[in-house]
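Below are the chains, spelled out letter by letter.
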Amino acid sequence: MRTHIVWDWNGTLFHDMEAVLAASNAAFETVGLPPLNLQEYRELYEIPIPRFYQRLLGRMPSQSEWEALDDAFHDRYRELSPDCGLTDGVPALLTGWRAQPGRSQSLLSMYEHERLVPVVDAFGLAGHFLRVDGRTGASGGRKAGFLATHLRGLGPGLEPARTVLIGDAVDDAEAARESGIHAVLYTGGSHTRQKLEAVGVPVVDSLAEAVAVAEELTGRPVG
C-alpha cells in the first residue's frame with residue numbers, strides 16, 4: 001500500500017491570498033459591503049461561500065446578488081491571479097515526496113477544472129501528480145463530494161489510513177473526515193489558526209511541516 005498526499009491548490013500550494021482578498025472586496029462592492037483586510041477575511045470566511053456572504057450581509061443573498069457576487073469575484077481573481085506564485089518550497093517538496101518509493105500525490109482544487117489545469121501546467125507541476133482535478137459545476141459548494149470522487153479515481157491500492165489531505169480550510173478537514181482519511185491544515189491560506197485548530201486536526205505554519213506531520217499520521221489509524 002502506498003502513502004498518498006492529496007494537495008489543495010488555492011491558499012496551499014498556490015499562494016494567492018492577496019488576489020483572493022482583492023477579488024472578494026470587488027465582490028462585496030456589488031452588494032454595498034465595505035472591504036475587509038486579510039485578518040478580518042480569515043476570521044469570517046467559511047464554506048459554503050453563500051454562508052460567508054450571509055454572515056457579512058446578515059441574511060442570505062438573493063439569487064441575483066449571489067450571481068453578481070460570484071461573477072465579480074471570479075472576474076477580478078482572473079485579472080490578479082497570474083501575478084501570484086507558489087508557496088515557498090513547493091517544487092522541492094513535491095519532487096522530494098515523489099522520489100521516495102511507495103509514495104504518491106495528487107491535486108484536488110475547488111478552482112474550476114478547465115482553468116486549474118493550465119495553471120498547474122504553467123508551473124511545471126503536472127508530472128508530480130497522479131491526478132489533477134478541479135471543480136466541475138457550480139461554484140461555492142463544499143469539497144466532500146469532489147474528494148470522494150477524486151479518491152475513487154485514484155484507483156485501488158489507496159488505503160485511507162495512509163492517505164492525507166493537506167489544505168488551508170476547515171472544509172478540507174471536514175471533507176477528509178467524511179472520506180475517512182487524515183488531514184493537515186496550513187495557516188497560510190483562508191483561515192486563522194484559531195479557526196483551524198477548532199477542527200481537531202494538526203495545524204501547521206509551513207508546507208514542509210505539513211509533509212512531516214503527514215508522514216507521522218500515516219502510521220496511525222484515522223480518527
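Higher on the page you've got the structure.
Since the structure is predicted, the reported quantities are computational estimates derived from the model, not experimental observations.

Next up on the list: the overall build of the protein. Per the secondary structure count, the protein includes 10 helices and 8 strands. Split into buried and exposed, the 223 residues of the protein put 50% on the buried side. Contacts in the protein between residues far apart in sequence, at least 24 positions, make up 66% of those at least 6 positions apart. Accessible area of the protein: about 10,000 Å², with a carbon and sulfur share of 52%. If you average the places of the 20 positive and of the 30 negative side-chain charges in the protein, the two averages end up 6 Å apart.

Residues Trp7, Leu13, Leu107 and Phe129 are the most contacted members of the largest nonpolar core, which totals 49 residues. Looking at this core, the element that brings in the most residues is helix H1 (residues 17-29), giving 7 residues. Apart from the residues lying within four places of it in its own chain, the contact partners of Phe129 are Trp7, Leu13, Leu94, Gln105, Ser106, Leu107 and Val120. Listed in part, the 19 residues of the second largest apolar core include Val6, Ile181, Leu185 and Val203.

Time to look at the sheet that holds strand S5 (residues 132-135). An order of S5-S4-S1-S6-S7-S8 is seen for the 6 strands of this open sheet, with the pairing classed as parallel. Each edge of the open sheet carries a strand with a single partner, namely S5 and strand S8 (203-204). Alignment of strand S7 (residues 182-186) against S8, held across 2 bridges, turns out to be parallel. In the strand pairing of S8, Leu185 is matched with Val203. Lying over the sheet, helix H5 (residues 90-99) contacts strand S1 (2-7) and strand S4 (103-112), oriented at roughly 140° with respect to S4. Running at roughly 165° to S7, helix H10 (residues 207-217) makes contact with S1, S4, strand S6 (158-167), S7 and S8 of the sheet.

With that settled, the discussion passes to the packing of aromatic side chains. According to the stated counting rule, one finds 12 aromatic pairs in the structure shown. Linked through ring pairs, Phe28, Tyr41, Tyr45, Phe52, Tyr53 and Trp66 together constitute an aromatic cluster. Residue placement shows Arg103 over the ring face of Trp97; its charged tip is 4.4 Å from the ring centre.

The interhelical angle for the contact between helix H7 (residues 144-153) and helix H8 (residues 170-179), taken along N-to-C directions, is 50°, at an axis separation of 8 Å. As the angle between them shows, H7 and H8 are arranged oblique. Between H7 and H8 the crossing geometry is right-handed. Across the interface between the two elements, Ala144, Leu147, Ala148 and Leu151 from H7 touch Ala175, Ala176, Glu178 and Ser179 from H8. Of the residues assigned to the contact of H7 with H8, the class counts are 6 nonpolar, 1 polar and 1 charged.

On to the environment of Leu125, then. Inspection of the secondary structure assignment puts Leu125 in the loop between helix H6 (113-122) and S5. Taking the C-alpha atoms as reference points, Leu125 and Leu94, 31 residues apart in sequence, are found 8.3 Å from one another. Contacts of Leu125, omitting those with residues within four sequence positions, involve Trp9, Leu86, Val90, Leu94 and Val120.

Reading the values: the criteria
Residues numbered from 1 in each chain as written. Predicted model: local features only at pLDDT ≥ 70, side-chain atom pairs only at ≥ 80, totals over all residues. Heavy atoms only, no water. Helix = DSSP H or I, 4+ residues; strand = E, 2+ residues; numbered from the N terminus. Buried < 20%, exposed > 50% of the residue type's maximum accessible area, 1.4 Å probe, protein only. Contact = heavy atoms within 4.5 Å. Areas by Shrake-Rupley, 256 points an atom, 1.4 Å probe, with all protein chains shown as cover. Lys, Arg positive; Asp, Glu negative; His and termini not counted. Charge placed at Lys NZ, Arg CZ, Asp CG, Glu CD. Core = buried A, V, L, I, M, F, W, Y, C linked by side-chain atoms within 4.5 Å. Pairing = 2+ DSSP bridges. Axes fitted to C-alpha atoms, helices over the stretch in contact; angles between N-to-C directions. Phe/Tyr/Trp six-rings, centres within 6.5 Å; stacked < 30°, edge-to-face > 60°. Lys NZ or Arg CZ within 6 Å of the ring centre and 35° of its normal. Parallel < 35°, antiparallel > 145°, perpendicular 65-115°, else oblique. Left-handed = near helix turned anticlockwise from the far one by under 90°. Nonpolar A, V, L, I, M, F, W, Y, C, P; charged D, E, K, R; others polar.

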